[in-house]
Amino acid sequence: MSDIKEGIIVILSSPSGAGKTSLVKEISSKNNFSISISHTTRKPRNNEVDGSDYYFVNEEKFKDLISKKKFLEYAKVFNNYYGSSKDEVFKNLDKGQNVIFDIDWQGTEQIKQKKLKYKIITIFILPPSRKELFSRLLNRDLNDEKNAKERMKQFDKDVLHWKNYDLVVINDNFDKCYDKIIKYINLEKNNSSDNYNKNLIKNHVLGLLK
Ligand code: 5GP
C-alpha cells in the first residue's frame, strides 16, 4: 500500500469579473497548490502569457485534444472553448500535490460527475455589486463596452449556479475573501465542516440581479 496521501482538488468558479483569477494565484502561491492551466481557443489579453495563464490554441488543435480524450472537462464559454487537461492534474494529485482549478460551473459539474477518488472542494465567488462588476469587466477588457455588456448578460445566468457549490463567498475585500477560503479549505482537509450563511448569500444574489 502506498503511504502517499493524494492531493485534493479545489475548484473556484464565479461569473466573469468577480476577481477569481487573482484569488487562485494567491491561494496557489501561499499554500502550495498547483494551478491547473487550461487550454483555450480565446485570444490572449495584453498581459497574458502562453503556458502560464492558459495554453492558447486554435479550434482545430482543441478539437484534436477532445478527440484524443485529453480533457478532464471542457466547455464552451462566451463562444470560446476552455478545457482542463487530465494528465498533468492526475500526475500531481497522485504524488500528493493539491491542485486548484479556475473553471466555470459547466466544468465543475463535469468533474463532480466523474466521481474521482480525490477529495473535491467547490467554491463560488460573487462580486460585491453589479456596478463594481461592470467596472471590473470594463477595466479588464480595455474599455470594450460591448464585450463587458455581453458578459453582464451572461452573469445573470451564471450567478444562479451558486447553489451547487460547497462554499459561496462575496469578494468585497480581497484579504477577507482569501482568509475565508483558506479557513474553509483547512477545515475540510481535516474532515471538519463549516457552513456559510445561505440566506445572506441568497439575498446578495437577488440584489445583484436587480
Ligand atoms: P476568461 O476568458 O475570462 O479567462 O474565462 C472565462 C471563463 O472560463 C471563466 O469563468 C473561467 O473560469 C472559465 N474557464 C477557464 N478555464 C476553463 C476550463 O478549463 N474549463 C472550463 N469549463 N471553464 C474554464
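Report on the accompanying structure. (Residues numbered from 1 in each chain as written. Predicted model: local features only at pLDDT ≥ 70, side-chain atom pairs only at ≥ 80, totals over all residues. Heavy atoms only, no water.)

**A word on the overall build of the protein chain**
(1) Moving on: Helix and strand content of the protein chain: eight helices and nine strands.
(2) Moving on: A compact globule built from 210 residues should have a C-alpha radius of gyration of about 17 Å, and the protein chain, at 17 Å, falls within 12% of that.
(3) Moving on: A total of 210 residues make up the protein chain; the buried ones form 45% of that total.
(4) Moving on: Taking all contacts inside the protein chain whose residues are at least 6 apart in sequence as the whole, residues at least 24 apart take part in 69%.
(5) Moving on: Just so you have it, the protein chain exposes about 11800 Å², and 47% of that area is on carbon and sulfur atoms.
(6) Moving on: Taken as two groups, the 38 positive and 29 negative side-chain charges of the protein chain have centres that lie 3 Å from each other. (Helix = DSSP H or I, 4+ residues; strand = E, 2+ residues; numbered from the N terminus. Rg over C-alpha atoms; globule rule 2.2 N^0.38 Å. Buried < 20%, exposed > 50% of the residue type's maximum accessible area, 1.4 Å probe, protein only. Contact = heavy atoms within 4.5 Å. Areas by Shrake-Rupley, 256 points an atom, 1.4 Å probe, with all protein chains shown as cover. Lys, Arg positive; Asp, Glu negative; His and termini not counted. Charge placed at Lys NZ, Arg CZ, Asp CG, Glu CD.)

**Points about the side chain of Asn92**
(1) Moving on: Structurally, the position occupied by Asn92 is in helix 3 (residues 86–94).
(2) Moving on: Classification of Asn92 as buried rests on a relative accessible area of 10%.
(3) Moving on: Of the polar contacts made by the side chain of Asn92, one reaches the side chain of Ser34; its length is 3.3 Å.
(4) Moving on: Ignoring anything within four residues of it in the chain, the contact list for Asn92 reads Ser34, Gln97 and Val99. (Polar contact = N/O pair within 3.5 Å; in protein donor to acceptor, adjacent residues only side chain to side chain.)

**A short note on the site of the ligand**
(1) Moving on: Near the ligand lie 18 residues; those nearest to it are Lys20, Ser38, Arg42, Tyr54 and Tyr82.
(2) Moving on: Measuring from a nitrogen atom of the ligand, one finds a side-chain N or O atom of Glu73 at 2.8 Å.
(3) Moving on: Between the ligand and the protein, one listed contact pairs an oxygen atom with a side-chain N or O atom of Ser84 at 3.4 Å.
(4) Moving on: When the free accessible area of the ligand is taken as 510 Å², the share hidden by the protein chains comes to 95%.
(5) Moving on: Taken together, the elements giving at least two residues each to the shell around the ligand come down to strand 5 (71–77) and strand 6 (80–85).
(6) Moving on: Partitioned by chemical class, the residues of the shell around the ligand number five nonpolar, five polar and eight charged. (Near = heavy atom within 4 Å. Nonpolar A, V, L, I, M, F, W, Y, C, P; charged D, E, K, R; others polar.)

**Some details on the sheet that holds strand 8 (residues 120–126)**
(1) Moving on: Spatial strand order, 2-7-1-8-9: five strands in an open sheet with parallel pairing. Pairing within the sheet leaves two strands with one partner each, and these edge strands are strand 2 (33–35) and strand 9 (167–170). Each strand of the sheet is rotated relative to its neighbour by a mean of 25°, with strand direction disregarded.
(2) Moving on: Bridge count between strand 1 (residues 9–13) and strand 8: five bridges; the pairing is parallel. (Pairing = 2+ DSSP bridges. Axes fitted to C-alpha atoms, helices over the stretch in contact; angles between N-to-C directions.)

**Description of the sheet that holds strand 6**
(1) Moving on: Reading across from one edge, 4-3-6-5 is the order of the four strands in this open sheet, with mixed pairing throughout. Bordering the open sheet on either side are strand 4 (55–56) and strand 5, each of which pairs with just one other strand.
(2) Moving on: Looking at chain direction, strand 3 (residues 39–40) and strand 4 are connected through two bridges and run parallel. Looking at strand 4, one finds that His39 is bridged to Tyr55.
(3) Moving on: Along the sheet, helix 3 makes contact with strand 5 and strand 6, crossing strand 6 at roughly 30°.

**A closer look at the nonpolar core**
(1) Moving on: One finds Val10, Leu12, Ile123, Leu126 and Ile181 to be the most contacted residues of the largest nonpolar core, which totals 37 residues.
(2) Moving on: Of all the elements in the fold, those that place two or more residues in this core are strand 1, helix 1 (20–31), strand 8, helix 5 (130–140), helix 6 (145–158), strand 9, helix 7 (174–189) and helix 8 (198–208).
(3) Moving on: Per-element accounting of this core gives the leading share, six residues, to helix 7.
(4) Moving on: Sequence-distant contacts of Leu12, that is, excluding residues within four places in its chain, are made with Lys20, Leu23, Val24, Ile27, Ile100, Phe101, Asp102, Ile103, Ile123, Ile125 and Ile181.
(5) Moving on: One finds Ile11, Val89, Phe101 and Ile111 within the second-largest nonpolar core, a separate group that totals ten residues. (Core = buried A, V, L, I, M, F, W, Y, C linked by side-chain atoms within 4.5 Å.)

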